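Listed below are the residues making up each chain.
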Amino acid sequence: VTLQDWYAPEYVDRSFKNKIAVNAVSEYTQICSMALARRADQMVLDAAGAVTYAASPTATQGTDIVAGGTGFTWDKFRAMVKAHRARAAGGDIYCVMDAEAEEDLINEQELTSSDFVNQKAIAGDGLNGMTIMGVHFIVLPDMPEGGLASGVAYSWNKQAMGMAMSEKLGGD
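Residues numbered from 1 in each chain as written. Predicted model: local features only at pLDDT ≥ 70, side-chain atom pairs only at ≥ 80, totals over all residues. Heavy atoms only, no water.

Draft legend 1. Summary view of the pairing of strand β5 (residues 135-139). Burial of the side chains of β5 is restricted to one face: Val-135, Phe-137 and Val-139 are buried, whereas none of His-136 and Ile-138 on the reverse face is. As defined by bridge partners, strand β3 (residues 93-97) adjoins β5 across five bridges and the pair is classed as parallel. Its bridge partner lying in β5, Val-96 is registered against Ile-138. Where strand β4 (residues 131-132) folds back onto β5 in an antiparallel hairpin, the turn is made up of two residues, including Met-133, whose phi is positive at roughly 55°. (Buried < 20%, exposed > 50% of the residue type's maximum accessible area, 1.4 Å probe, protein only. Helix = DSSP H or I, 4+ residues; strand = E, 2+ residues; numbered from the N terminus. Pairing = 2+ DSSP bridges.)

Listed below in structure tokens is the structure:
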């Protein structure tokens, strides 16, 4: 990923600032920060999509679990966990998906029945924020920046993944 400068300007009317009871600059700063973070997220997704994947991966390839027209199923989830456990010793596993992939998994009894899991995906916020079999779920909304392709999910081991960020220091 190539480092790039990104700006998210939000202009504050100085005369209006004195008429409201809250510090609008703080709110605008948070909004701009979230916009920049979404762009950074998209850069990470683009990098993940550029990786070479294979059913029997080499050390530099990711594992490809083919959809086969059935969406994200319990069997594919278990295959994902197995691939991580086979390649990495421990670590936090994360799975990022779109709403369509989440819907596929919520239709699986193994992820919603109290016979299998203690957490209640349907009563809560869906799979977003849940941890099942050591996998932390992140459900991304559709993003103007691009987001995920429909029905696509990526997973990674936090300890095996590297990401560098830089802050440009100095004057303009």
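Draft legend 2. Region of the structure containing the sheet that holds β3. The strand order β4-β5-β3-β6 describes an open sheet built from four strands, whose pairing is mixed. The outermost strands of the open sheet, each flanked by one partner alone, are β4 and β6 (153-157). Of the pairings in the sheet, the one linking β4 to β5 comprises two bridges and is antiparallel in character. Bridge pairing links Ile-132 to Val-135 in β5.

Draft legend 3. Expanded view of the pattern of salt bridges. As enumerated under the stated definition, the model contains one salt bridge in all. Notably, a salt bridge pairs Asp-75 with Arg-78, separated by 3.5 Å at the nearest N-O pair. Pair noted here: Asp-75 and Arg-78 are both in helix α3 (residues 74-87), with a separation of three residues, about one helical turn. Note on Asp-75: relative accessible area 53%, which makes it exposed. (Salt bridge = Lys/Arg side-chain N within 4 Å of Asp/Glu carboxyl O.)

Draft legend 4. Examining the packing of aromatic side chains more closely. According to the stated counting rule, one finds three aromatic pairs in the structure shown. Ring centres of Phe-77 and Phe-137 lie 5.7 Å apart, and the angle between their planes is 25°; on these two criteria the pair is classed as stacked. Linking Phe-77 in helix α3 with Phe-137 in strand β5, this pair joins segments that are 60 residues apart in sequence. Here Phe-77 falls in the buried class, since its relative accessible area comes to 0%. Joined through ring pairs, the aromatic side chains of Trp-74, Phe-77 and Phe-137 make up one cluster. (Phe/Tyr/Trp six-rings, centres within 6.5 Å; stacked < 30°, edge-to-face > 60°.)

Draft legend 5. Spatial organisation of the environment of Glu-100. Within the secondary structure, Glu-100 sits in helix α4 (residues 99-106). If near-sequence neighbours (up to four positions away) are discounted, Glu-100 is found in contact with Ser-150 and Gly-151. (Contact = heavy atoms within 4.5 Å.)

Draft legend 6. Region of the structure containing unusual backbone geometry. Despite not being glycine, Met-133 shows a phi value in the positive range, around 55°. The residue Met-133 is located in the loop between β4 and β5 in this model.

Draft legend 7. Focus on the environment of Gly-62. Along the polypeptide, Gly-62 turns up in strand β2 (residues 62-63). Sequence separation of Gly-62 and Ala-48 is 14 residues, and the distance between their C-alpha atoms is 9.3 Å. The residues contacting Gly-62, other than those within four sequence positions of it, are Val-51, Thr-52, Tyr-53, Ala-54, Pro-57 and Arg-87.

Draft legend 8. How the structure looks around α4. All of the buried residues along α4 are Ala-101, Glu-102, Leu-105 and Ile-106. The buried residues of α4 all sit within an arc of 140° when viewed along its axis, so they share a single face. (Arc of directions from axis to C-beta.)

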